[in-house]
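Examination of the molecular architecture
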Amino acid sequence: MFYRLLATQVLFAVTLATPIAIERRQSASASDSPAATVVPTATAVGPPGASGYLRGSTDLGGFSSSNPVDTTADASVVSPDQYELAPGQDADKDLGLFLDLSTVENPQPIRGSTDAPTDPGPRNIALDRENSDAFAPPGTDAGSVPNGKWPLGLSANRHGLGSAGWARQQNIDALPIATAMAGVDMRLSPNAYREMHWHKANEWSLILNGSVRLNSMNEAGETFVDDLQAGDVWFFPAGIPHSIQASEAGVEFLLVFDSGDFSEDGTNLLSETFERNPKAVLAKDLRVDTSAFDKIPDGELYIFDGTPFPKNISTDNITGPAGVIPRSSTYSYHLSQQAAYEVPGGSVKIIDPVSFPIASNFAAGLFVIKPGAMRELHWHTTSDEWNYIISGQGRLTVYSAPASSRTFDFQAGDVGYVPVPASHYLENTGTEDLVYLEVLQAPAYNDISVAQWLGLTPKRVVKDHLGFSDDTLNRLPKIKPYILPGSTNLTQTNFTGENE
């Protein structure tokens, strides 16, 4: 009996010391108790040179006096001798001065203090430098405001055939708040085409550089052809077919669509139209033999190289009995030839259906903001704002009712989005002109100027609300400024001299 009991104990001990992987039978029912997890790496055999273990002991879980923690270590502390402060970084945080971290050694997320808080890392210092108002927010930022910035440099470039060009896009997949509009940045190499196509959404475009030839036709069979250059605009209504061909100089243009879920990859293409229909049907439709389709492309052309278009545009002016599209309904507008509205601090060009009738519900402002100046505090009454930074840099604060705000920093190539009717401004924080585009979904460009609103409200009412002095009340404008001049001294806080 003793020996039998001893053998049983030894067997039990060996059983406990031996790992057992229990596999669930395929025929087991859902009511069976869960099987032990199969751990394929439990007895890992590594390659030559491997050492150590994939897992630690279960003894490391929870408190144990055998697992001491060194609470005197200061590895998480960044001492003042290890970083620099930017001008204005130690000023009152509610002043919200722009912090230029571009050349600061080991920048820290400090605002209104000289020693806290700090960030020992890991971190992406390049992004911290570019987004100082996110890294060290002004004291006035509060609450929760959805992200309103998307760098198109983070969007995947889809290349055309060969070296013919590329396109990258922003839609709600990249910027979920941008529900009303989406954007595409497209480049065509010299003489390349964006193949003949049409969209479900309306297409509005601003040429960024180079030049282009457009061809189109409307439902009545009236035709359109025009050559455009940098600074010019085109518009094609939904469903209207068109082709875009770069000149020998090449072209890059910005496209804005009136649907936040628009995707460039869902475009209706001429090449696919022919590839996805029976050849017998195509032959019947064009009154030809099916052999006419022996050389149609295999797959979409998308962006591809073409033959140079003729210098004489009349050669490409193909017309039928309906003639050409009249000027009142033209698809192009030579905005580059429009004189800008100049104000202290910059300039603006407005283009909307008032001057470009075909572009239904697309209203845009092309702004130039001088260094230190700002697009005044304002909001739009009926539309979200989609904007694109063409050159320079700036920052924008979105106020979201009732008590939230968030400040974003922008660089060239960034898309911004402000939902209606959130108030905002755009301040030039760089040393060169800030050039950017505002696009609205509206029959006419519109905004409400905060300064003008106060200037056209009885002084008594404004004073009762904000406690302004008589001097401040007397400075409020009755005319919309659009742009306000400023100083490249980013720590300046007194601007009374700007109006003297």
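Please read these numbers as outputs of a predicted model, since none were measured by experiment.

A few words on the overall build of the chain. Along the chain, the regular secondary structure elements total eight helices and 24 strands. Its C-alpha atoms give the chain a radius of gyration of 32 Å, clearly above 23 Å, the size a compact globule of 500 residues would have. Overall, the C-alpha framework of the chain stretches about 115 × 85 × 45 Å when taken along its three principal axes. In the chain, buried positions account for 40% of the 500 residues. Restricting to contacts in the chain with at least 6 residues of sequence separation, those with at least 24 account for 72%. As presented, the chain carries roughly 27400 Å² of accessible surface, and 56% of it is formed by carbon and sulfur atoms. Mean positive and mean negative side-chain charge positions of the chain (33 and 59 charges, respectively) differ by 5 Å.

Looking at the chain as a whole, its pLDDT mean stands at 92, while 91% of the residues score no less than 70. Scored below 50 in pLDDT, residues 1-30 shows 10 contacts in the model against residues more than four places distant or in partner chains.

A few words on the layout of surface pockets. Here the second largest pocket defines a volume of roughly 600 Å³. Around the second largest pocket, the lining is made up of 29 residues, and of these Met196, Asn215, Ser216, His242 and Ser243 lie nearest the centre. The element best represented in the lining of the second largest pocket is strand E5 (residues 193-198), accounting for five residues. Considered class by class, the residues forming the lining of the second largest pocket number 14 nonpolar, 12 polar and three charged.

Let us look at the packing of aromatic side chains. For the structure shown, the criterion picks out 14 aromatic pairs. Where Phe274 meets Phe293, the ring centres are 6.0 Å apart and the plane angle is 50°; that geometry is what we call tilted. On the criterion of sequence distance, the pair formed by Phe274 in helix H4 (residues 270-275) and Phe293 in the loop between helix H5 (279-286) and strand E11 (303-304) is long-range, its members being 19 residues apart. Taking the relative accessible area as the measure of exposure, Phe274 reaches 22% and is therefore partly exposed. The exposure class of Phe293 is buried, given its relative accessible area of 4%. Within the aromatic cluster, the residues linked to one another by ring pairs are Phe224, Phe236 and Tyr331. Here the basic side chain of Lys149 rests over the ring of Phe410, its NZ or CZ set 5.9 Å away from the ring centre.

What follows covers the nonpolar core. Core analysis: the largest hydrophobic core is formed by 29 residues, its most contacted members being Trp204, Ile351, Trp386, Leu437 and Val439. In this structure Trp386 touches Gln170, Met181, Ala182, Gly183, Leu254, Val256, Val415, Gly416, Tyr417, Leu437, Glu438 and Val439, once residues within four positions along its chain are discounted. Core analysis: the second largest hydrophobic core is formed by 27 residues, Ala201, Phe236, Ile240 and Ile244 among them.

Next up on the list: the sheet that holds strand E15 (residues 362-369). Spatially, E1-E20-E17-E22-E15-E14-E13 is the arrangement adopted by the seven strands of the open sheet, whose pairing is antiparallel. A strand with exactly one partner marks an edge of an open sheet, and here the two such strands are strand E1 (149-151) and strand E13 (341-343). Averaged over all adjacent pairs, the angle separating strand axes in this sheet is 20°, with direction ignored. Of the pairings in the sheet, the one linking E1 to strand E20 (residues 414-418) comprises three bridges and is antiparallel in character. Residue pairing for E20: Lys149 is matched across the bridge by Gly416.

This paragraph deals with unusual backbone geometry. Geometrically, the link from Gly121 to Pro122 is a cis peptide bond, its omega value of 5° lying close to zero. Here the phi dihedral of Asn191 falls at roughly 70°; this positive angle occurs in a residue that is not glycine. Considering the arrangement of structural elements, one finds Asn191 in the loop between strand E4 (182-188) and E5. Here Tyr482, not a glycine, exhibits a phi torsion of approximately 65°, which is positive.

Take the environment of Asp285 next. By secondary structure assignment, the location of Asp285 is in helix H5. Judged by its relative accessible area of 60%, Asp285 is exposed. Each C-alpha atom, one on Asp285 and one on Tyr399, is 57 Å from the other, the two residues being 114 residues apart in sequence.

To continue, consider the pattern of salt bridges. Taken as a whole, this structure holds 22 salt bridges when the rule is applied. Arg111 is the salt-bridge partner of Asp133, the closest N and O atoms lying 3.3 Å from each other. Here the residue Asp133 occupies a position in helix H3 (residues 132-135), and Arg111 occupies one in the loop between helix H1 (2-17) and helix H2 (125-130), the gap between them amounting to 22 residues. Asp133 sits in the buried class, given a relative accessible area of 1%. The exposure class of Arg111 is buried, given its relative accessible area of 11%. For Arg460, the salt bridge is made with Asp464, and the minimal N-O distance between the two is 3.9 Å.

What counts, and where the lines are drawn
- Residues numbered from 1 in each chain as written.
- Predicted model: local features only at pLDDT ≥ 70, side-chain atom pairs only at ≥ 80, totals over all residues.
- Heavy atoms only, no water.
- Helix = DSSP H or I, 4+ residues; strand = E, 2+ residues; numbered from the N terminus.
- Rg over C-alpha atoms; globule rule 2.2 N^0.38 Å.
- Buried < 20%, exposed > 50% of the residue type's maximum accessible area, 1.4 Å probe, protein only.
- Contact = heavy atoms within 4.5 Å.
- Areas by Shrake-Rupley, 256 points an atom, 1.4 Å probe, with all protein chains shown as cover.
- Lys, Arg positive; Asp, Glu negative; His and termini not counted.
- Charge placed at Lys NZ, Arg CZ, Asp CG, Glu CD.
- pLDDT = per-residue confidence, 0-100.
- 1 Å grid on protein atoms, 1.4 Å probe; cavity = no way out; pocket = protein on both sides within 12 Å on 5 of 7 lines; lining within 4 Å.
- Points joined across faces, edges and corners; volume = space filled by probe spheres on them.
- Nonpolar A, V, L, I, M, F, W, Y, C, P; charged D, E, K, R; others polar.
- Phe/Tyr/Trp six-rings, centres within 6.5 Å; stacked < 30°, edge-to-face > 60°.
- Lys NZ or Arg CZ within 6 Å of the ring centre and 35° of its normal.
- Core = buried A, V, L, I, M, F, W, Y, C linked by side-chain atoms within 4.5 Å.
- Pairing = 2+ DSSP bridges.
- Axes fitted to C-alpha atoms, helices over the stretch in contact; angles between N-to-C directions.
- Salt bridge = Lys/Arg side-chain N within 4 Å of Asp/Glu carboxyl O.

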